[in-house]
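One letter stands for each residue in the lines below.
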Amino acid sequence: MSLDIGRLIAGGNATVRVSDLDRAIRFYTQVLDLTLVRRAGSGWALLDAGRGLLIGLQAGGLAATPADRERSSAVGLDVGQPLEEVIATLHRRGVHFHGDIVDAPGAARLAHFADPDGNELYLCERR
């Protein structure tokens, strides 16, 4: 039996609300190297982060304060190179990371940062 037949959930995307779609597309494509799949006018864009993760960028509707945004969801991005190398590359591209690398023994190493609208993102190096 195919894995998708009969599954309640068979894929999808994470949606990230942004205040400026053009700026967000530049950040996600030029800084994080994600691929723009399609754009729907000035309100929405779909990005491919690899390994089946799609991220939708939706303009408008941001939480009122940074504290409200911090309580919202975070998007995890698996790295394709050693975590320190990815951090160094993104740091050169202007990304500022929050705190040290978090080590979840036996599972993963994580490095947290945010997009220009304060949406929480993290890099994940799985073990």
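Look up a bit, the structure's there.
Computed from a predicted structure; not experimentally measured.

It is worth spelling out the pairing of strand 7 (residues 108-114) at this point. In summary, the side chains of a regular strand alternate between the two faces of the sheet. Among the seven residues of strand 7, five are classified as buried, and the element is accordingly described as predominantly covered. One ladder, built from five bridges, connects strand 6 (residues 97-104) with strand 7; its direction is antiparallel. Across the sheet, the residue bridging to His 98 is His 112, located in strand 7. Two elements, strand 7 and strand 8 (residues 120-126), share seven bridges in a ladder whose sense is antiparallel. Considered in strand 8, the bridge of Ala 111 is made with Leu 123. Between strand 7 and strand 8, which follow one another and run antiparallel, lie five residues, and Gly 118 among them has a positive phi close to 85°.

Once that is clear, we can look at the packing of aromatic side chains. Evaluated as defined, the whole model comprises two aromatic pairs. Centre to centre, the rings of Phe 27 and Tyr 28 are 5.3 Å apart; their planes meet at 85°, and the pair counts as edge-to-face. Like Tyr 28, Phe 27 is buried. Consider the rings of Phe 97 and Phe 113, whose centres lie 5.1 Å apart with planes at 55°: the pair is tilted.

Calculation notes
Residues numbered from 1 in each chain as written. Predicted model: local features only at pLDDT ≥ 70, side-chain atom pairs only at ≥ 80, totals over all residues. Heavy atoms only, no water. Buried < 20%, exposed > 50% of the residue type's maximum accessible area, 1.4 Å probe, protein only. Helix = DSSP H or I, 4+ residues; strand = E, 2+ residues; numbered from the N terminus. Pairing = 2+ DSSP bridges. Phe/Tyr/Trp six-rings, centres within 6.5 Å; stacked < 30°, edge-to-face > 60°.

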